[in-house]
Amino acid sequence: MARAILRKSFRSKRSMSSAPLRPYTFHIGASWAGKNTDARKGRKAPSFPPDSDIGMWRDHTLSRPKAVNSTSAGQDFLFVQAMRNNSGIAFGVADGVGGWEESGVDPSLFSQALMFHAHRYSRNAWAGEPEIDPTLDYEEREEVEGWEMTPYECLDLAYGGVLREKFVQAGASTACLVTLNASSGVLRSAKFVFPSMSYVCLYTDPVLLVSLGDSGFIVIRSNSILYRQRPQTHFFNCPKQLTKLPTSSLRRFSRACVDSPSEAETYRVKLGDGDIVIAYTDGLADNVFASEVVQLCALVSRRGGTEDEQVQTIADRLVDYARLCMHSTVRVSPFESVFGLFGSKN
């Protein structure tokens, strides 16, 4: 889970040639807990070699400090990346579709590769228009590298990267990508979603998002829900998903859903000081009601601490609470509530 909190900062004016003014500051916390399905089946799933580019990046990401006692993100994964010249922050979550296990495919490979390529493209792109010093000569302006990249463009590029990955033979994933602009405070998103148990939290301002499937995000302002991303599904418990089909004629997945990044939902909003953005997979959405997420954020905020400490505590508490709810035998979960309304009809 990723949680972001935005704080507006006021800095002394500097010349544009030395450093651009960035009024917005983001505080990031991330936490996760895999479901350990492979351990229950008594087998070890294949993974990217630790000396490969994706393997090294995966292990570095999983080394982020958190209080939750878990070493694996399961079939989910996430990324958090500062964008070019610190123009903003990009982050996202992905949930590998577990049904591919029936065909001998490890769903985590797709989600890890998708987040790796999203991170790779985000670090070289601007959160907004490339910042060019107007006092520079025309030739010098042309030397400014990079380009503005929206979450939708990032999702499309990252998906193309997965299709080219030879180690990922097949699979599918939902996704939710978000960018935060440190100059304008705009949030943008792209979403292709299937919720799970990875979360990213932030305090932030302007935001852009894109999502596909049932991974999603929620924006909280003043202990109220400002916006909540709704899942995209073909039918109950079948989210829209990015898919890579196997090339071998010996391995088929007849029930595969093949959706396009163009079907992702996009969203844009300018956030305010102290707004909280939480990106999540179905591990949270299926087990914890949105009202409970708001209550937990309020409780942590009242206990004080630095903003960095608060966002990490919220991320950890949400993961712990989602796991507690998942194993409850007396509680009616959000998933069960929806199943009672629609599940039996499919």
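In what follows, the structure referred to is the one given above.
Computed from a predicted structure; not experimentally measured. (Residues numbered from 1 in each chain as written. Predicted model: local features only at pLDDT ≥ 70, side-chain atom pairs only at ≥ 80, totals over all residues. Heavy atoms only, no water.)

Help me out: how do you make sense of the overall build of the chain in this one?
When helices and strands are counted, the chain shows 9 helices and 16 strands. The contacts in the chain between residues at least 6 apart in sequence include a share of 74% that link residues at least 24 apart. (Helix = DSSP H or I, 4+ residues; strand = E, 2+ residues; numbered from the N terminus. Contact = heavy atoms within 4.5 Å.)

Is there a simple way to explain unusual backbone geometry in this structure?
With the exception of glycine, most residues fall at negative phi, and the peptide bonds are largely trans. Although it is not a glycine, N85 adopts a positive phi angle of roughly 60°. Position of N85 relative to the elements: it lies in the loop between β3 (76-82) and β4 (88-96). Phi is positive for N223, which is not a glycine, with a value near 65°. Tracing the chain through its elements places N223 in the loop between β10 (216-221) and β11 (224-228).

Any chance you could explain the packing of helix α7 (residues 290-302) against helix α8 (residues 307-326) here in plain terms?
A pair of packed helices is captured by two measures, namely the crossing angle of their axes and the spacing between those axes. Closest axis-to-axis distance for the α7/α8 pair is 10 Å, and the angle between their directions is 140°. With respect to each other, α7 and α8 are oriented oblique. Note that α7 runs across α8; the crossing there is right-handed. When α7 is examined against α8, the residues E292, V293, L296, C297, V300 and S301 are found in contact with a partner set consisting of Q310, T313, I314, R317, L318 and Y321. Residue classes in the contact of α7 with α8 are distributed as 7 nonpolar, 3 polar and 2 charged. (Axes fitted to C-alpha atoms, helices over the stretch in contact; angles between N-to-C directions. Parallel < 35°, antiparallel > 145°, perpendicular 65-115°, else oblique. Left-handed = near helix turned anticlockwise from the far one by under 90°. Nonpolar A, V, L, I, M, F, W, Y, C, P; charged D, E, K, R; others polar.)

How do you make sense of the packing of aromatic side chains when you look at a structure like this?
Pairs of aromatic rings are described using the distance from one ring centre to the other and the angle between the two planes. A complete count under the given rule lists 6 aromatic pairs for this structure. On the numbers, 5.4 Å between centres and 55° between planes, the contact of W57 with F77 is tilted. With W57 in helix α2 (residues 53-62) and F77 in strand β3, the pair connects residues that are 20 residues apart, well separated along the chain. Under the relative-accessibility criterion, F77 is labelled buried at 1%. Through pairs of rings, three or more aromatic residues link up here, namely W57, F77 and F116. Residue placement shows K66 over the ring face of W32; its charged tip is 4.9 Å from the ring centre. When the ring centre of Y121 is taken as origin, the NZ or CZ atom of R120, which lies over that ring, is 4.4 Å away. (Phe/Tyr/Trp six-rings, centres within 6.5 Å; stacked < 30°, edge-to-face > 60°. Buried < 20%, exposed > 50% of the residue type's maximum accessible area, 1.4 Å probe, protein only. Lys NZ or Arg CZ within 6 Å of the ring centre and 35° of its normal.)

Help me understand helix α3 (residues 107-122), please; the structure alone is not making it clear to me.
Note that an α-helix has 3.6 residues per turn; residues three or four places apart therefore point the same way. Between the first and last C-alpha of α3 there are 23 Å, a value that for 16 residues agrees with the 22 Å anticipated at 1.5 Å per step. Most of α3 sits out of view: 15 of its 16 residues are buried. (Expected span 1.5 Å × (residues − 1).)

Explain the environment of S333 to me, please; I cannot follow it from the model alone.
Tracing the backbone through its elements, the reader meets S333 in the loop between α8 and α9 (334-341). In this structure the C-alpha to C-alpha distance between S333 and N287, which are 46 residues apart in sequence, comes to 5.1 Å.

Explain empty space enclosed by the protein here, please?
By rolling a water-sized probe across the atoms, one finds the places where empty space is left. Scanning all chains against the criterion turns up 1 cavity of 30 Å³ or more. Considering the residues around the largest cavity, the lining is formed by I218, R228, Y280, L284, A285, V288, A290 and V293. When contributions to the lining of the largest cavity are tallied by element, the ones reaching two or more residues are α6 (282-285) and α7. Its residues assigned to classes, the lining of the largest cavity shows 7 nonpolar, no polar and 1 charged. (1 Å grid on protein atoms, 1.4 Å probe; cavity = no way out; pocket = protein on both sides within 12 Å on 5 of 7 lines; lining within 4 Å. Points joined across faces, edges and corners; volume = space filled by probe spheres on them.)

Quick question: what am I supposed to make of the packing of α3 against helix α5 (residues 151-164) here?
Where α3 meets α5, the closest approach of the two axes is 8 Å, and the angle between their N-to-C directions is 130°. In terms of their interaxial angle, α3 and α5 are classed as oblique. Crossing geometry of α3 relative to α5 is assigned as right-handed. Here α3 contributes F110, A113, L114, H117, A118, R120, Y121 and S122 to the contact with α5, which in turn contributes C154, L157, A158, Y159, G161, V162 and R164. Its residues assigned to classes, the contact of α3 with α5 shows 10 nonpolar, 3 polar and 2 charged.

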